[in-house]
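Summary of the model geometry
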Amino acid sequence: MSFDRHLAEIAREFPHWTIWRSDAGRWWATRHHPLNAEQRAAGCAMTIDADDPTGLREQLEDQERRAEADP
């Protein structure tokens with residue numbers, strides 16, 4: 001699958017994040033909105049990175065679970 005297609009699929013799946021790939025080949029995502037205190041306490045991050053699209057998707061899923069968890 002092409003780089004652009006991976007980006008588009010992940011962006012559709014996680015609309016509250018901006019997804020990109022750096023010139024160094026790392027995959028990144030950053031949230032559109034600041035975290036609240038509960039989300040920070042749950043281990044949420046504003047920006048995450050991974051070696052590949054699969055790793056980024058896994059981290060995004062984890063971040064979404066953390067953000068939705070009851071404190």
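For the structure itself, consult the block above.
Attention here is on the structure that accompanies the text. This structure is a prediction, so every number in the text was calculated from the model and none was measured. (Residues numbered from 1 in each chain as written. Predicted model: local features only at pLDDT ≥ 70, side-chain atom pairs only at ≥ 80, totals over all residues. Heavy atoms only, no water.)

Pairing within the open sheet is antiparallel, and its 3 strands lie in the order 1-2-3. Edge positions in the sheet fall to strand 1 (17-21) and strand 3 (47-50), since each of these pairs with one other strand and no more. Each strand axis lies, on average, 15 degrees off the axis of its neighbour in the sheet, ignoring direction. Along the sheet, helix 3 (residues 53-68) makes contact with strand 1, strand 2 (27-31) and strand 3, crossing strand 3 at roughly 150 degrees. (Pairing = 2+ DSSP bridges. Helix = DSSP H or I, 4+ residues; strand = E, 2+ residues; numbered from the N terminus. Axes fitted to C-alpha atoms, helices over the stretch in contact; angles between N-to-C directions. Contact = heavy atoms within 4.5 Å.)

Bringing the packing of aromatic side chains into the picture now. The final tally for this structure, using the stated rule, is 1 aromatic pair. Plain terms: the ring middles of Trp20 and Trp28 are 6.0 Å apart, the flat faces sit at 10 degrees to each other, and that makes the pair stacked. Residue Trp20 is classed as partly exposed on the basis of its relative accessible area of 33%. (Phe/Tyr/Trp six-rings, centres within 6.5 Å; stacked < 30°, edge-to-face > 60°. Buried < 20%, exposed > 50% of the residue type's maximum accessible area, 1.4 Å probe, protein only.)

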